[in-house]
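# Coordinate analysis (summary)
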Amino acid sequence: MSSLSKYAKAIFDKHIVMNLQLILESEIKKAIQNLYGATLNEVEFQATRKDFEGDITVVIFPMLRVVKGNPVSIGEAIGAYLVENVAEVLKFNVVKGFLNLVLSDRYYLDFFGSVSDFSNFGKMPQGEDAMMVEYSSPNTNKPLHLGHIRNILLGYSVAEIVKASGKKVYKTQIINDRGIHICKSMVAWSTFGNGETPETTGLKGDKLVGNYYVKFDKVYKKQIAELKEAGKSEEEAKAEAPILQEAQQMLLKWEAGDAEIVALWKKMNGWVYTGFEKTYEALGVDFDTLYYESDTYLLGKEFVAEGLQTGVFFKKEDGSVWCDLTNEGLDEKIVLRSDGTAVYMTQDIGTAIQRVKDHPDVSGMIYTVGNEQDYHFKVLFLILKKLGFNWAKNLFHLSYGMVDLPSGKMKSREGTVVDADDLIEDMTATAKKISEELGKIDAFSEEEKDELYHTIGSGALKYYILKVDPKKRILFNPEESVDFQGNTGPFIQYTYARIQSILRKANENAELGNIDIDTLKNVSLHLKEKEVLKILQQYPEVIQLAATNYSPALIANYTYDLVKEFNSFYQNVPILAADTISEKQFRIQLAKAVSDVIKSAFSLMGITVPERM
RNA sequence: GGUCGCAUAGCUCAGCUGGAUAGAGCACCUGCCUUCUAAGCAGGCGGUCCCAGGUUCGAAUCCUGGUGCGAUCACCA
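These lines cover the structure that appears in this document, whether it is placed above or below. Source: prediction; values computed, not measured.

Rules of the game
- Residues numbered from 1 in each chain as written.
- Chains lettered and ligands numbered in written order.
- Predicted model: local features only at pLDDT ≥ 70, side-chain atom pairs only at ≥ 80, totals over all residues.
- Heavy atoms only, no water.
- Helix = DSSP H or I, 4+ residues; strand = E, 2+ residues; numbered from the N terminus.
- Expected span 1.5 Å × (residues − 1).
- Buried < 20%, exposed > 50% of the residue type's maximum accessible area, 1.4 Å probe, protein only.
- Arc of directions from axis to C-beta.
- Contact = heavy atoms within 4.5 Å.
- 1 Å grid on protein atoms, 1.4 Å probe; cavity = no way out; pocket = protein on both sides within 12 Å on 5 of 7 lines; lining within 4 Å.
- Points joined across faces, edges and corners; volume = space filled by probe spheres on them.
- Nonpolar A, V, L, I, M, F, W, Y, C, P; charged D, E, K, R; others polar.
- Pairing = 2+ DSSP bridges.
- Axes fitted to C-alpha atoms, helices over the stretch in contact; angles between N-to-C directions.

Along its 15 residues, helix α3 (residues 71-85) runs 21 Å from first to last C-alpha, staying within 8% of the 21 Å computed at 1.5 Å per residue. Among the residues making up α3, those that are buried are P71, I74, G75, I78, G79, Y81 and L82. When α3 is viewed along its axis, its buried side chains cluster within an angular range of 165 degrees and face the same direction. Where α3 is buried, its residues meet α2 (20-36), β3 (89-95) and β4 (98-103).

In this structure, the largest pocket encloses a volume near 1,400 Å³. In this structure, the largest pocket is lined by 50 residues; those nearest its centre are S137, N139, K142, N176 and Q373. It is helix α10 (residues 242-255) that contributes the most residues to the lining of the largest pocket, four residues altogether. The calculated volume of the second largest pocket comes to roughly 770 Å³. Around the second largest pocket sit 32 residues that line it, and A47, T48, K50, E531 and K534 are the ones nearest its centre. The element that contributes the greatest number of residues to the lining of the second largest pocket is helix α19 (residues 527-549), accounting for ten residues. Tallied by class, residues from the lining of the second largest pocket come to 13 nonpolar, six polar and 13 charged.

Here five strands make up an open sheet; going across it, the order is β7-β6-β5-β11-β12 and the pairing parallel. Single-partner strands in this sheet number two, and they are β7 (289-292) and β12 (395-400). Each strand axis lies, on average, 25 degrees off the axis of its neighbour in the sheet, ignoring direction. Sheet topology note: the strand β6 (residues 168-175)/β7 ladder contains four bridges and is parallel. Paired with T172 across the strands is T289, a residue of β7. Sheet contacts for helix α12 (residues 293-310): β6 and β7; angle to β7, the most-contacted strand, approximately 65 degrees. Packed onto the sheet, helix α13 (residues 344-358) meets β5 (130-134), β6, β7 and β11 (362-370) and runs at close to 140 degrees relative to β11.

In structure tokens form, the structure reads like this:
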């Protein structure tokens with residue numbers, strides 16, 4: 001158990017219960033002062049291991065620096081002192097240099113009674129300080145795939161977590177809506193499309209456009225082969241292929257504002273956006289504000305010009321503009337081409353500045369982008385600092401590992417991608433299959449069933465992806481379906497549904513009434529109850545930890561621990577059939593609290609929970 | 001080659017600021033549905049924490065050097 005963050009402390013202060021760890025720390029310091037005349041700066045705590053009796057453990061070893069003596073006898077002395085002076089400490093034992101403290105039930109019950117609403121437990125009120133979280137930066141020439149799914153789920157979840165940790169959050173994306181890749185789809189469509197539309201083909205807009213991106217590549221490769229046969233070198237062939245030149249012509253026309261080309265661009269991008277909308281909806285994510293590359297690259301150019309004046313950048317003989325980062329241990333980086341056109345970096349400079357202009361309360365930004373762009377963001381952040389923006393010190397690249405297939409990297413042009421919509425559909429189908437086999441929801445309407453399948457299927461997928469540490473790469477094998485048992489989304493959803501079932505029954509019998517402190521006083525805790533309470537108590541701290549580490553995986557692991565402990569309680573301790581009324585009431589409330597926290601934690605991962613399953 | 005990241009059970013992953021005998025799930029094996037949903041519970045099997053040094057009372061964790069895998073070092077994004 002790490003020391004509680006100041007946020008968690010604030011939560012406990014708000015409720016009558018003082019954080020015990022703080023009390024223990026100061027009492028232990030007093031004990032050392034009284035017993036040995038020494039001054040202790042810090043006390044190290046950790047959760048007591050399961051195989052020893054106790055709830056919280058004080059590590060004695062670090063004290064040996066200021067107190068000379070045998071760790072066991074020091075532990076004994078502190079333990080005796082605490083039992084004497086701290087009401088919550090019932091008894092203790094010392095194993096080697098570890099002082100295990102057994103806490104009173106009363107301490108845990110006071111904690112439980114002090115939280116009036118577990119559905120908001122651990123979430124801090126939103127402050128003035130705003131963060132902007134960027135995720136899902138799609139190109140508008142092809143549909144979203146599994147790689148985007150990780151990006152989207154991760155970014156969304158981190159945004160929710162940061163929000164819960166007490167910051168205002170704007171969710172945004174940068175849409176790469178211009179450039180040669182878009183023109184490729186446009187050329188292919190106008191040449192081979194025969195006026196096809198999403199309406200005439202019944203295809204999702206992004207799929208339709210993606211097909212023409214693939215078509216372009218096919219034709220391009222064929223033309224290269226033909227040119228090589230006619231005696232051209234590989235390089236010449238690649239540069240001279242007519243369809244590529246056509247795309248390049250189109251880009252020039254687009255930049256010149258050619259009305260016909262711009263109209264085509266708008267039409268095809270419109271199809272793609274409609275398609276993306278559907279995918280985002282299926283994933284249950286949203287955005288507060290959108291940015292388009294076509295809108296921000298010009299602002300980037302302005303600031304490059306300004307930086308050139310102030311000496312942040314320099315111009316080479318050919319007219320290209322660079323930033324010298326050799327003092328920072330990096331290379332020189334281009335920020336404007338010799339022909340004056342913008343590069344990726346130019347646009348990103350512009351976008352960042354635009355965002356803060358539009359949202360003056362933004363004091364930092366989080367970019368959810370794959371780790372292949374680590375270098376790019378290192379450079380971007382440095383440049384923004386050099387340009388003198390004070391928010392530049394609060395920029396963070398949420399860098400995540402690639403999602404690879406057993407066959408290697410996914411490539412859109414070669415059709416070796418796991419399509420986002422297909423994957424969600426597959427997961428839903430698997431959920432359906434399993435649900436039907438179990439046959440528990442035969443009473444559901446067709447509509448309710450479909451909703452449930454989607455809840456479970458997408459829950460399985462989201463949990464599967466989010467439970468992994470973001471910086472690690474994921475190897476995804478489409479042949480082996482995502483699990484629905486063990487450490488999975490459906491397992492946790494199932495626990496939630498079982499609790500709801502109990503609550504419904506309790507409600508029918510009017511046993512759900514608010515628990516009062518007097519009832520709690522008469523309860524003596526079962527070991528399993530105590531374990532569940534211990535984990536519940538950690539939730540506020542886990543949110544803060546997940547926020548500072550930008551890691552939904554911490555929320556996932558926490559939820560799993562909570563659910564595992566609860567299931568053990570559920571299976572071993574009767575709830576509705578408890579011996580006494582006060583026990584029954586308490587256990588119902590405990591179950592409810594657990595389900596509230598499950599729902600809350602899952603919402604931080606963008607996962608919904610079913611009432612029955 | 002330079003830089004950055006990763007390496008823990010057969011597989012997928014936890015392991016917080018260094019602390020006790022390194023933990024889960026899947027798979028495999030045993031039990032448990034006439035009591036609240038068995039997508040569950042209880043238990044078993046399974047480890048040279050990549051290797052070698054170092055710091056420390058104590059290292060999977062920190063440092064150095066290797067090895068392996070990945071990324072990056074474009075007037076691509």
